[in-house]
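# A closer look at the structure
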Amino acid sequence: MAVMSTLRPAAVAGAFYPADPSALRGEVDELLDGVESFDVRFGHPKVLVVPHAGYIYSGQTAAYAYNELASARGLVKRVVLLGPVHRVAVRGLALPGADEFATPLGRIPVDAAGVRALSGLPQVVTSAPAHAMEHSLEVQLPFLQRVLGSFALLPLAVGDATPDQVAEVLERVWGGPETLIVISTDLSHYHPYEEAQRIDGDTVERISRLEAGLSHDQACGATPLNGMLALARRKGLSIRRLAACNSGDAAGGRDRVVGYSAFALDEGAAVSREEAGRTLLGLARAAIVARLEQRDPPRPAGDAWLAQPGCSFVTLTRQGQLRGCIGSLAPRLSLGADVVSNAQSAAFSDPRFKPMTAEEWATTQTEVSILSPAKPIRFADEEDLLRQVVPGEDGLILEAPGHRGTFLPQVWESLPDKRQFLAQLKLKAGLPADFRIGRCRVLRYRVIKWKQSDFPTH
């Protein structure tokens, strides 16, 4: 006899966020696109702190946190999500007693292994009523679905508990890079705008110092937040403030506002740009040598950040002239595999050149560029677009029906004039130079790049 699974259905769809799947996808994507951060990160956060009001109020602040997960898709397999109870009181941390959570974007399985790992802890209880209408957890799920794709969820509605009890739970399910922890909390509630800024400013500073001991007047999710901060300090995590504002900055009046903030906490030492560049250049060159010697291409292994999704371009020059350039504009492979693939394509499959020979390779220089996620530019007309573009820094992608082209930021060296840059980009996309820009979609990105000459041993 088949065992029927239990489902926690969406409770606040249509109130805190759109109930229509298409509208919800569009709103979440628009919020993420609104985060104009072009940092290229190697790795992803261990912990996020995010607000939980309706998307019209705190959605943009939350997007600053979820934007940090661009490199986590396919790597994070489990999300441990803690938020405060608002409607049903509970003693301890409550599991839902459900097998799945639903949103308009689909169903998310509850992590059965995580539930078993918490069994026996006296502060962990099961309470379907505590979860039934709780928004502090639910509003996070559409963001997680859009940035991570598939994952298992371990949702805990937090009531009366001590920081040590919360920390003990988190320690039990801490895991490795496959596990992301999300703490859902707003800041102060219903103070006048200026007073809220003062209160929240102090709270944000304390969070930035990993200081536990926050009150519920400072953060409605103080209970899970304090437990996480105490554990993060013991584990030596670093913290980054991403955004802070209140509802008066987003929508509504300023007489009685609610505060919001977003933080990312990182575990372990960050990969340096020099280390990343040396590794990626080594992979690119090893891939080309392997093809020349008719061997299998190298398989990136060891460093976890090489497994994150990423976009790269590999540029080859010989005697100061272009000899091949192939890249990716959308993540399709792991970062390491993408560099290997593009290196071999640049050397042997660029339609502008004949396949690389061993003789040519001896005097060929290699450059690897890693692209940040591309963000659309909102503009009224061509003049507005040109005002926003930053020469020397922005790479641009131009899209029109049936047409697409890009220029890396390096192209500014030969096309320093904005108008000429844009006109040549239209031509590269297969469009007339005077094609009306209003019919196009334009995105921008930034790159980190390394040349072979940066590392003389290569």
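Here, the structure is the one placed above.
Residues numbered from 1 in each chain as written. Predicted model: local features only at pLDDT ≥ 70, side-chain atom pairs only at ≥ 80, totals over all residues. Heavy atoms only, no water.

## Looking at the overall build of the protein
We count it as follows: Each helix is a run of H or I in the DSSP string that is no shorter than four residues. Each strand is a run of E no shorter than two, and both are numbered from the N terminus. Here the radius of gyration uses the C-alpha set of atoms, whereas the globule reference equals 2.2 Å times the residue count to the power 0.38. By definition, residues are in contact when any of their heavy atoms lie within 4.5 Å. All accessible areas in this document rest on Shrake-Rupley with a 1.4 Å probe, and a residue is counted as covered only by the protein chains that are shown. Counted as positive: Lys and Arg. Counted as negative: Asp and Glu, with His and the chain ends omitted from the count. A charge is said to be at NZ when it belongs to Lys, at CZ for Arg, at CG for Asp and at CD for Glu.
When helices and strands are counted, the protein shows 15 helices and 20 strands. Taken over the C-alpha trace, the protein has a radius of gyration of 25 Å; the compact-globule value for 458 residues is 23 Å, and the two agree within 12%. Taking the principal axes of the C-alpha coordinates as reference, the protein spans close to 75 × 50 × 50 Å. A separation threshold of at least 6 residues defines the contact pool for the protein, and within that pool the share at least 24 residues apart is 78%. Roughly 20,000 Å² of accessible area belongs to the protein as shown, and the carbon and sulfur atoms make up 50% of that amount. Both charge centroids of the protein, one from 49 positive and one from 51 negative side chains, sit 4 Å from each other.

## A few points about the pairing of strand S3 (residues 78-84)
Our working definition: Three labels apply to residues, based on accessible area from a 1.4 Å probe with only protein chains included: buried if under 20% of the type maximum, exposed if over 50%, partly exposed otherwise in between. A pair of strands is considered paired only if DSSP assigns at least 2 bridges between the two.
With seven of its seven residues buried, S3 lies for the most part within the structure. Residue alternation in S3 divides its side chains into two sets, Arg78, Val80, Leu82 and Pro84 and Val79, Leu81 and Gly83, and both sets are buried. Examined bridge by bridge, S3 and strand S8 (residues 152-158) share seven bridges and lie parallel to one another. Note that in S8 the partner of valine 80 across the bridge is leucine 154. Of the pairings in the sheet, the one linking S3 to strand S9 (residues 179-184) comprises five bridges and is parallel in character. By the bridge assignment, leucine 82 is partnered in S9 with isoleucine 183.

## Regarding the sheet that holds strand S15 (residues 364-371)
Pairing between sheet strands relies on hydrogen bonds along the backbone, with the strands arranged either parallel or antiparallel. To keep things clear, this is the line we draw: Helix axes are fitted only over the stretch in contact, all axes being lines through C-alpha atoms; the angle between N-to-C directions runs from 0 to 180 degrees.
Pairing within the open sheet is antiparallel, and its four strands lie in the order S14-S13-S15-S20. Every interior strand has two partners, whereas the edge strands, strand S14 (321-327) and strand S20 (447-451), have only one. On average, each strand axis in the sheet is tilted by 15° relative to the strand beside it, whichever way the strands run. Those strands touched by helix H11 (residues 273-292) are strand S13 (311-318), S15 and S20, and its axis lies near 125° from that of S15.

## Overview of the environment of tyrosine 66
As for its placement among the helices and strands, tyrosine 66 is situated in helix H2 (residues 55-66). Not counting chain neighbours up to four residues away, the residues in contact with tyrosine 66 comprise Leu32, Leu48, Val50, Gln140, Phe143, Leu144, Val147 and Val182.

## With respect to the sheet that holds strand S6 (residues 106-109)
In spatial order, the strands read S1-S5-S6; together these three strands make up an open sheet with mixed pairing. Taken across any chain shown, the strands that pair with only one partner, and hence form the sheet edges, are strand S1 (7-8) and S6. Relative to S6, strand S5 (residues 100-103) runs antiparallel, the two being bridged by four bridges. By the bridge assignment, phenylalanine 101 is partnered in S6 with isoleucine 108.

## Comments concerning the side chain of serine 136
Along the chain, serine 136 falls in helix H5 (residues 135-138). In this structure serine 136 comes out as buried when scored by relative accessible area, which is 0%.

## Some remarks on the pattern of salt bridges
Inclusion rule: Only one rule defines a salt bridge in this text: a Lys or Arg side-chain nitrogen within 4 Å of an Asp or Glu carboxyl oxygen.
As enumerated under the stated definition, the model contains 26 salt bridges in all. We note a salt bridge from aspartate 266 to arginine 41, for which the minimum N-O separation is 3.7 Å. Taken together, the residues span a long stretch of sequence, with aspartate 266 in strand S12 (residues 257-266) and arginine 41 in the loop between helix H1 (21-33) and strand S2 (47-50) at a distance of 225 residues. The salt bridge partner of glutamate 360 is arginine 323, with a shortest N-O separation of 2.9 Å.

## What about the packing of aromatic side chains?
Under the convention used in this document: Stacked, edge-to-face and tilted are the three classes for Phe, Tyr and Trp ring pairs, Trp counted by its six-membered ring, which pair at centre distances within 6.5 Å; planes under 30 degrees apart are stacked, over 60 edge-to-face, the rest tilted. A positively charged side chain is recorded as over a ring if its NZ (Lys) or CZ (Arg) lies within 6 Å of the ring centre. The angle to the ring normal must also be within 35 degrees.
Under the counting rule described, the total for this entry stands at seven aromatic pairs. For the ring pair phenylalanine 42 and tryptophan 450, a centre distance of 6.4 Å and an interplane angle of 40° mean the geometry is tilted. A residue pair is termed long-range when its members are at least 10 positions apart, and phenylalanine 42 in the loop between H1 and S2 and tryptophan 450 in strand S20 qualify at 408 residues. Across this residue pair, the class does not change: phenylalanine 42 and tryptophan 450 are buried. Within the aromatic cluster, the residues linked to one another by ring pairs are Tyr17, Tyr55, Tyr66 and Phe143. The side chain of lysine 235 reaches across the aromatic face of tryptophan 174, ending 4.8 Å from its centre. The residue whose ring lies beneath arginine 256 is tyrosine 190, and the NZ or CZ to ring-centre distance is 4.6 Å.

## Description of helix H12 (residues 335-348)
Within an α-helix, residues lying three or four positions from one another point in the same direction, as the helix has 3.6 residues per turn. Note the cut-off: Take the residue count of a helix, subtract one, and multiply by 1.5 Å to get its expected span.
Here H12 contains 14 residues, and its C-alpha end-to-end distance of 20 Å stays within 8% of the 20 Å for a straight helix at 1.5 Å per residue. In terms of burial, H12 is a largely internal element, 11 of the 14 residues being buried. Of all the positions in H12, only Leu335, Gly336, Asp338, Val339, Val340, Asn342, Ala343, Gln344, Ala346, Ala347 and Phe348 are classed as buried. The inward-facing, buried residues of H12 contact H11, S13, S14 and S15.

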